[in-house]
Amino acid sequence: MIRKIFRTAWLGLVLLFMYLPILILMVYSFTDTATIGSIGGFSLGNYVTLFTKKELLGMIGGTFALALGAAALATVLGTIGAIGAFYSRKGAKSFLSLSNQIPVVNAEVVTAFSLCVLLIVVLKMNKDSFVPLIIGHVVLTTPFVYLSVIPKLKQMDNSLYEAALDLGADPSQALFKVVIPQLIPGIVSGFLLSVTLSLDDYFITTYTKPATFDTISTYVVNATRGSHTEIKTALWALSTVMFAVILAVVVGGNIITGRKAVAKNVKGEI
């Protein structure tokens, strides 16, 4: 009994430590105060500013366009890399796996500076073209797609691909109609993780973005340094909206997965 109480209390402390700052920010996003810690009245002014100020809407739209585009490219490259590595010989597989781990383990600021030197200084790419920025985000997110797809390949029955070939399918048909459908959960997970990482990135974006372009992360840093109180408090509302959307997606996904599992069990019993 004591052990159960201790486990519950410890879990509660961990959850409190993780989510209390977010909850405080959410509460203050519905007030008219400009400083966290001071007392203010209820207000929706921050949300009005968030959804009516063109500067904020443009920044948010550009951020999500970059995240979705980079995540799509990373998903294709990461999936191809995972499939290629899985069906390669042992030496090539080990080399590809090790190479994929380097960007994951390496400090992001080191990766950002290295990309800046390679793309902008050595290759003379123009920042205003957005090419260095997109390449940087793809480099950041592709390894995580690889890590999401590889476990699904290991769980897959290898005989399915061979059976498809024996039944008359060519390699491309076997790949797209047999192998890839088995990898869909890993591919979707890798894509969503890539979107999240791209939205969250600061260092690579700072080193490779055009001077007139901002993502949510770089905009937040610049806004908190300045004296634009209206913008700063509107970002509290933005954080609340993003958290609520992510929470809804996670809860909805779990509910759908649970219902599918129940339906599958019921069907199996019948």
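Up top you'll find the structure we're talking about.
Computed from a predicted model, the values in this text were never measured in an experiment.

**Description of the overall build of the chain**
Moving on, step 1. From N to C terminus, the chain includes eleven helices and zero strands.
Moving on, step 2. The dimensions of the chain, computed from C-alpha atoms along their principal axes, are 70 × 65 × 40 Å.
Moving on, step 3. Per-residue burial over the chain gives 31% buried out of 270 residues.
Moving on, step 4. Sequence-distant contacts in the chain: of pairs separated by 6 or more residues, those separated by 24 or more amount to 70%.
Moving on, step 5. Side chains of the chain give 20 positive and 13 negative charges; the mean places of these two sets differ by 7 Å.

**Observations concerning the side chain of Asp201**
Moving on, step 1. Along the chain, the position of Asp201 falls in the loop between α8 (171-200) and α9 (203-208).
Moving on, step 2. Despite its burial, Asp201 pairs with no opposite charge; the closest candidate is Lys209, at 11 Å N-O.

**Points about the packing of helix α7 (residues 159-166) against α8**
Moving on, step 1. Where α7 meets α8, the axes come as close as 9 Å, and the angle between the chain directions of the two elements is 145°. You can see that α7 and α8 cross each other, and the crossing is right-handed. Along its contact with α7, which presents Leu160, Tyr161, Ala164 and Leu165, the element α8 presents Pro171, Ala174, Leu175, Val178, Val179 and Gln182.
Moving on, step 2. Tallied by class, the residues present in the contact of α7 with α8 amount to nine nonpolar, one polar and no charged.

**With respect to the layout of surface pockets**
Moving on, step 1. When its volume is computed, the largest pocket comes out at roughly 870 Å³.
Moving on, step 2. Lining the largest pocket are 29 residues, and of these Phe64, Thr196, Leu199, Met242 and Ile246 sit closest to its centre.
Moving on, step 3. The set of elements that each furnish at least two residues to the lining of the largest pocket consists of α2 (45-52), α3 (54-86), α8, α10 (216-225) and α11 (229-269).
Moving on, step 4. In terms of residue count, α11 provides more of the lining of the largest pocket than any other element does, twelve residues in total.
Moving on, step 5. Along the walls of the second largest pocket sit Pro185, Val188, Ser189, Leu192, Val249, Val250, Gly253, Asn254, Ile256, Thr257 and Lys260, which together make up its complete lining.
Moving on, step 6. Residue assignment for the lining of the second largest pocket shows that the elements contributing at least two residues are α8 and α11.
Moving on, step 7. The biggest single contributor to the lining of the second largest pocket is α11, with seven residues.
Moving on, step 8. Taken together, the residues of the lining of the second largest pocket sort by class into six nonpolar, four polar and one charged.

**A word on helix α6 (residues 131-155)**
Moving on, step 1. When the terminal C-alpha atoms of α6 are compared, their 36 Å separation across 25 residues agrees well with the 36 Å that a helix rising 1.5 Å per residue should span.
Moving on, step 2. Bending of α6 peaks at approximately 30° at the position of Thr141, with proline Pro143 no more than four residues after it.

Cut-offs used in this document
- Residues numbered from 1 in each chain as written.
- Predicted model: local features only at pLDDT ≥ 70, side-chain atom pairs only at ≥ 80, totals over all residues.
- Heavy atoms only, no water.
- Helix = DSSP H or I, 4+ residues; strand = E, 2+ residues; numbered from the N terminus.
- Buried < 20%, exposed > 50% of the residue type's maximum accessible area, 1.4 Å probe, protein only.
- Contact = heavy atoms within 4.5 Å.
- Lys, Arg positive; Asp, Glu negative; His and termini not counted.
- Charge placed at Lys NZ, Arg CZ, Asp CG, Glu CD.
- Salt bridge = Lys/Arg side-chain N within 4 Å of Asp/Glu carboxyl O.
- Axes fitted to C-alpha atoms, helices over the stretch in contact; angles between N-to-C directions.
- Left-handed = near helix turned anticlockwise from the far one by under 90°.
- Nonpolar A, V, L, I, M, F, W, Y, C, P; charged D, E, K, R; others polar.
- 1 Å grid on protein atoms, 1.4 Å probe; cavity = no way out; pocket = protein on both sides within 12 Å on 5 of 7 lines; lining within 4 Å.
- Points joined across faces, edges and corners; volume = space filled by probe spheres on them.
- Expected span 1.5 Å × (residues − 1).
- Bend = angle between axes of the 7 residues up to and from the residue.

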